[in-house]
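# Report on the structure
Spelled out, the chains give:
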Amino acid sequence: MLDFDFYSPEEEIVLPLYEECGIRVFVKRDDLIHPYISGNKWRKLKHPLEHARKENKSLLVTFGGAWSNHLLATACAGAKFGFRTYGFVRGDVVENPVLKLCQLFGMELHFVSREYYRDKKALFYTHFANSKDAYFIDEGGYGLLAAQGCSEVINELNGRYDHCFCACGTGTTLAGLAIGINNRQWPTTLHGVPILKGGGFIRDELTKLGVVNQAQIRLHLDYHFGGYAKTKPELIEFIKAFTRQTSLLIEPIYTGKLFYTVHHLIAQKQIARGSTVLVLHSGGLTGLLGTLNRF
Ligand SMILES: *Cc1c(COP(=O)(O)O)cnc(C)c1O
């Protein structure tokens, strides 16, 4: 087994709005799992790494943008569990704190144009065709094994909730939560908040990841604030107020949009009085490093 002990409690957040609306909101603190193998990135890496180990693969090859939480998590997990790591980075050569950390953890970086970056399998097979050691991990950790790891969040919960929320990039985390909820046969409504524009594609990804019944899943397509890594002053103000009131750090790329959505739906009375809500804090706080100038 390739694992480590971590701490991810469920904590209640008490805010005047939630109290007024008679709703109890809890956060699953996956942000506390590890500072760099953060949140859902550990959930997604766990089973692929076990698989890589079983197949005697010693080199993890993966993909990400220049601020990718997934690249950083893979670099650090590689260092922790004794794999070499190689990251294809999308776009022009740049330096930033996240990529520096990746290199400190021993990851070899290779920048590729946006055009070449698109076909990950082709990149992998052209660079590692002759390697017996290389193990492919998709961008963002996307995949079936990854979804399985995310489903384990649900097994850890103390009780069931009426609503459960997570942020969506590839949709793998949402798929995992759906699988977990389905396994326990909870009547929970699962809410996904795509942080990309045009997040309707998440439904197809859910299907590909084995989530057949999507009747209990709602996607909130209007909370992307302009698209991936885009922000608006309203989002920044929300993050500042939320952090001041709760002590929870959130960032503008994923969890800021997630908690904003929860707040907004509650304020609009779209969640019934008396409900319990669980929000998955999927970590990714290094996202703050690339967005500090917006605060
Ligand atoms: C990567 C990431 C996500 C997106 O997860 P998917 O499984 O790709 O949908 C959500 N939140 C944070 C903090 C992330 O780093």
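The following paragraphs examine the structure supplied in this document. This is a predicted model, so every value here is computed, not measured. (Residues numbered from 1 in each chain as written. Predicted model: local features only at pLDDT ≥ 70, side-chain atom pairs only at ≥ 80, totals over all residues. Heavy atoms only, no water.)

One pass over the full model with this rule turns up 21 aromatic pairs. Ring centres of Phe63 and Tyr117 lie 6.5 Å apart, and the angle between their planes is 75°; on these two criteria the pair is classed as edge-to-face. You can see Phe63 sitting in strand β3 (residues 59-64) and its partner Tyr117 sitting in helix α5 (residues 114-117), a full 54 residues away along the chain. A residue is classified by how much of its surface remains accessible, and Phe63, at 0% relative accessible area, is buried. Cluster of aromatic residues (ring-pair linked, three or more members): Phe63, Tyr86, Phe88, Tyr117, Phe124, Tyr125, Phe128 and Phe136. Across from the ring centre of Tyr254, 5.5 Å away, lies the NZ or CZ of Lys41, which sits over that ring. (Phe/Tyr/Trp six-rings, centres within 6.5 Å; stacked < 30°, edge-to-face > 60°. Helix = DSSP H or I, 4+ residues; strand = E, 2+ residues; numbered from the N terminus. Buried < 20%, exposed > 50% of the residue type's maximum accessible area, 1.4 Å probe, protein only. Lys NZ or Arg CZ within 6 Å of the ring centre and 35° of its normal.)

Around the ligand, the structure places 14 residues, and the nearest of them are Lys41, Asn69, Gly169, Thr170 and Thr173. In this structure, Gly171 approaches the ligand through a main-chain N or O atom, which is 2.9 Å from an oxygen atom. When isolated, the ligand has an accessible area of 380 Å², and the protein chains bury 97% of it. Put simply, the parts of the chain that give the shell around the ligand at least two residues each are α2 (40-54) and α8 (172-184). With 3 residues, the top contributor of residues to the shell around the ligand is α2. Considering only residue class, the shell around the ligand consists of 2 nonpolar, 10 polar and 2 charged. For the shell around the ligand, the two domains that each supply at least three residues are domain 1 (10-36 + 150-294) and domain 2 (39-141). (Near = heavy atom within 4 Å. Polar contact = N/O pair within 3.5 Å; in protein donor to acceptor, adjacent residues only side chain to side chain. Areas by Shrake-Rupley, 256 points an atom, 1.4 Å probe, with all protein chains shown as cover. Nonpolar A, V, L, I, M, F, W, Y, C, P; charged D, E, K, R; others polar. Domains from an automatic or database assignment.)

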